[in-house]
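Single-letter residue listing:
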Amino acid sequence: VRSQTLDDKTGLSQTKVSSKVSRFLEWPSKIHIEQIHITDVFFFTFLSEVEEFDPVLRDRSHIDETLRLATEEKAADYAAAIQKLRKIYHSSIKPMEQAYKYNELRQHEISDGEITSKPMVLFLGPWSVGKSSMINYLLGLHDSPYQLYTGAEPTTSEFTVIMHGEKIRSVEGIVMAADSSRSFSPLEKFGQNFLEKLIGIEMPHKLLERVTFVDTPGIIENRKQQERGYPFNDVCQWFIDRADLIFVVFDPTKLDVGLELEMLFRQLKGRESQIRIILNKADNLATQDLMRVYGALFWSLAPLINVTEPPRVYVSSFWPYDYAPDTSRELFKREEISLLEDLNQVIENRMENKIAFIRQHAIRVRIHALLVDRYVQTFKEKMSFFSDPELVFQEIVDEPDKFYIFKSILAKTNVSKFDLPNRDAYRDFFGINPITNFKPLTSQCSYIGGCLLDKIEKAITNELPALLSGINSGKQPGLSSCEVTGCGEKPKNRYRKN
């Protein structure tokens, strides 16, 4: 733009004209510059109207309606169910975990923060595909001082956790990891460099009372993991393992799949039911071009997702401004409502999913205890006065089939062969934990507390299914006392960022 020429013709200062040009370039419309008649006077007349122009914002009423944010939640019933679940875990499952060191096999110890946490929605994808803009849109943060920063360049360099709080404030990563009431304390194992790249944002919002959003740094194919200063893929895996819903966002103009994205989809293996593919910014393309991009997306992702039924793909434009003219507005609106219904289903089923997760965890702990018990019994049977303990046990660990370790477990009731862990994992497990450190299950009993195996089997077959049926029938589960776990008081956070 020849601002000096405009200055001569209009008598306005060059600074004023440049300001109008800058506002035009930032103006969120779909008008192409080449469509404007190339005459200085006409162009200036057009720019003079930019100051009075307000971009058309999209109606957001369907978000509140679909997510049912106006309805009151039965907080008392939910809190009672959570408290009952904590009591079952601490009294029936955790003692078995500690007795047979299950967390050293799976490296996953469930904390109180994880039991009481809200469903987590994780946003993944390349840089500048609209992940942060989508969160701003869902929460209505547009033009507020608390909106996530967005731009055409890579803007998000931190893992940002958006969660509910009584007032708007930011929480540093080191504080989030130190606060035992949250579920993020295990992140401390990734080092201080990562905690500096972790930030939390608390705000009072109806949607955040039911769900937590996690915005991740965009994948940049030409950047190595070591350049970030922390194990990026390991951190992503931690969030993937705990996410209830995973949105993988793509831009229709950037569908190239590189090594970083391939690694990400390898990490998502086994979590296909939680994955949703989002083709964002779809109103940038004509309908015919969009159909081609949709096909190209499936062609690019087919080798990475080895499942019979592909993940659901949502096609729309998730930001607060109105759709571009001459695009499939009704289609995009229906796709958006469908995605919101998907999100709402995860929110409404959060208690059922949490109970099912704890029960699945209890089944794995029980199988682990049965296997360790079988190793202990076999070791005692094969030992004699003249035997070398190390050689005897090494033979048992190296050839478990010879001693029917795993087959004997399958002979027991309620044990599936598909739930058995990897046999090589026990070679490493007993390399750290000597067999002499463990007692047989028959010795893990007390007069007052009962037997550990009986308690965990009771939790799996009776207590957890009864709690689940009580939730589904709308009955409020009873809680006799607050012993073992306390009454759910949230510890005060002494570290606050000013």
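Criteria and thresholds
- Residues numbered from 1 in each chain as written.
- Predicted model: local features only at pLDDT ≥ 70, side-chain atom pairs only at ≥ 80, totals over all residues.
- Heavy atoms only, no water.
- Helix = DSSP H or I, 4+ residues; strand = E, 2+ residues; numbered from the N terminus.
- Buried < 20%, exposed > 50% of the residue type's maximum accessible area, 1.4 Å probe, protein only.
- Contact = heavy atoms within 4.5 Å.
- Areas by Shrake-Rupley, 256 points an atom, 1.4 Å probe, with all protein chains shown as cover.
- Core = buried A, V, L, I, M, F, W, Y, C linked by side-chain atoms within 4.5 Å.
- Pairing = 2+ DSSP bridges.
- Axes fitted to C-alpha atoms, helices over the stretch in contact; angles between N-to-C directions.
- Parallel < 35°, antiparallel > 145°, perpendicular 65-115°, else oblique.
- Nonpolar A, V, L, I, M, F, W, Y, C, P; charged D, E, K, R; others polar.
- Left-handed = near helix turned anticlockwise from the far one by under 90°.
- Phe/Tyr/Trp six-rings, centres within 6.5 Å; stacked < 30°, edge-to-face > 60°.
- Lys NZ or Arg CZ within 6 Å of the ring centre and 35° of its normal.

The protein has the name Dynamin-type G domain-containing protein in an unreviewed UniProt entry, where Xenotaenia resolanae is given as its organism.

Engineer: Is there a simple way to think about the overall build of the protein in this case?
Structural biologist: For the protein, the helix and strand inventory stands at 19 helices and 10 strands. In the protein, which comprises 498 residues, the proportion classed as buried is 45%. Considering only contacts within the protein whose residues lie at least 6 apart along the sequence, 78% involve residues at least 24 apart. When the accessible surface of the protein is summed, it comes to about 26500 Å², and 50% of that surface belongs to carbon and sulfur atoms.

Engineer: Looking at this model, I keep getting lost on the nonpolar core. Mind explaining?
Structural biologist: Within soluble globular proteins, side chains that are nonpolar tend to cluster in buried spots. Core analysis: the largest hydrophobic core is formed by 48 residues, its most contacted members being Phe-194, Phe-239 and Phe-250. The element best represented in this core is helix α11 (residues 232-242), accounting for six residues. When neighbours within four sequence positions are excluded, Phe-194 is seen to be in contact with Phe-159, Leu-187, Tyr-230, Val-235 and Phe-239. Counting 47 residues, the second-largest nonpolar core is a separate cluster that includes Ile-358, Leu-370, Leu-420 and Ile-456.

Engineer: What am I meant to see in the environment of Thr-327 here?
Structural biologist: Tracing the chain through its elements places Thr-327 in the loop between β8 (312-315) and α14 (329-348). Sequence separation between Thr-327 and Ala-282 is 45 residues; the distance between their C-alpha atoms is 8.8 Å. Ignoring any residue separated from it by four or fewer positions in sequence, one finds Thr-327 in contact with Asp-283, Leu-285 and Phe-332.

Engineer: Is there a simple way to think about the sheet that holds strand β7 (residues 275-279) in this case?
Structural biologist: By definition, the strands of a sheet pair up through backbone hydrogen bonds, in either a parallel or an antiparallel sense. Taken in spatial order, the eight strands of this open sheet run β3-β4-β2-β5-β1-β6-β7-β8, and their pairing is mixed. With one partner strand each, in any of the chains shown, β3 (169-172) and β8 form the two edges of the open sheet. Between one strand and the next, the sheet's axes are offset by a mean angle of 20°, whatever the strand orientation. Of the strand pairs in this sheet, strand β1 (residues 120-124) and strand β5 (residues 212-215) are connected by four bridges, and their pairing is parallel. Its bridge partner being in β5, Met-120 is matched across the sheet by Thr-212. The sheet contacts of α11 involve β1, β2 (159-164), β5 and β6 (245-250), and relative to β1 the element is tilted by about 145°.

Engineer: For this particular structure, what's the right way to read the packing of α14 against helix α15 (residues 350-382)?
Structural biologist: Helix packing for two helices is described by the angle between their axes and how far apart those axes are. Look at α14 against α15: their axes get within 4 Å of each other, and the N-to-C directions meet at 55°. Between α14 and α15, the angle falls in the class oblique. On α15, the residues touching Val-346, Ile-347 and Glu-348 of α14 are Arg-350, Glu-352 and Asn-353. Its residues placed into classes, the contact of α14 with α15 shows two nonpolar, one polar and three charged.

Engineer: Sorry, what's going on with unusual backbone geometry here?
Structural biologist: Trans peptide bonds make up the majority, and among non-glycine residues the majority have a negative phi. Here Lys-101, not a glycine, exhibits a phi torsion of approximately 50°, which is positive. You can see Lys-101 is positioned in the loop between α5 (75-99) and α6 (102-106). One non-glycine residue, Asp-326, adopts positive backbone phi at about 60°. Relative to the helices and strands, Asp-326 is located in the loop between β8 and α14. Asp-326 sits in the exposed class, given a relative accessible area of 79%.

Engineer: Which parts of the structure should I look at to understand helix α8 (residues 131-139)?
Structural biologist: Three- or four-residue spacings in an α-helix give side chains the same orientation, since the helix completes a turn every 3.6 residues. Burial of α8 is extensive: nine of the nine residues sit out of reach of the surface. Positive backbone phi, at 70°, marks Gly-140, one or two positions downstream of α8.

Engineer: Would you mind showing me how to read the packing of α15 against helix α16 (residues 389-398) here?
Structural biologist: One can describe the packing of α15 onto α16 by two numbers: an axis separation of 10 Å at closest approach and a directional angle of 135°. With respect to α16, the axis of α15 lies oblique. Handedness of the α15/α16 crossing: right-handed. Where α15 approaches α16, its residues Tyr-375, Thr-378, Phe-379 and Lys-382 are matched on the opposing element by Pro-389, Val-392, Phe-393, Ile-396 and Val-397.

Engineer: Could you clarify how one ought to interpret the packing of aromatic side chains in this entry?
Structural biologist: Aromatic ring pairs are reported here in terms of the distance separating the ring centres and the angle at which the planes meet. Within this structure, the stated rule accounts for 26 aromatic pairs. Here Phe-159 and Tyr-230 contribute two aromatic rings whose centre-to-centre distance is 6.3 Å and whose plane-to-plane angle is 70°, an arrangement assigned as edge-to-face. Pair noted here: Phe-159 is in strand β2 and Tyr-230 is in the loop between β5 and α11, with a separation of 71 residues, a long-range link. For Phe-159, a relative accessible area of 0% puts it in the buried group. A ring pair is formed by Phe-190 and Phe-194, whose centres lie 6.0 Å apart and whose planes are at 80°; its orientation type is edge-to-face. Through successive ring pairs, a cluster of aromatic residues spans Tyr-100, Tyr-375, Phe-379, Phe-393, Phe-406, Tyr-426, Phe-429, Phe-430 and Phe-438. It is Arg-312 that lies over the ring of Tyr-314; its NZ or CZ is 4.3 Å from the centre.

Engineer: Help me understand the environment of Asn-344 in this model?
Structural biologist: Checked against the element boundaries, Asn-344 lands in helix α14. When its relative accessible area of 4% is taken as the criterion, Asn-344 is described as buried. Not counting residues within four places of it along the chain, the set of residues in contact with Asn-344 comprises Thr-66, Leu-67 and Arg-68.

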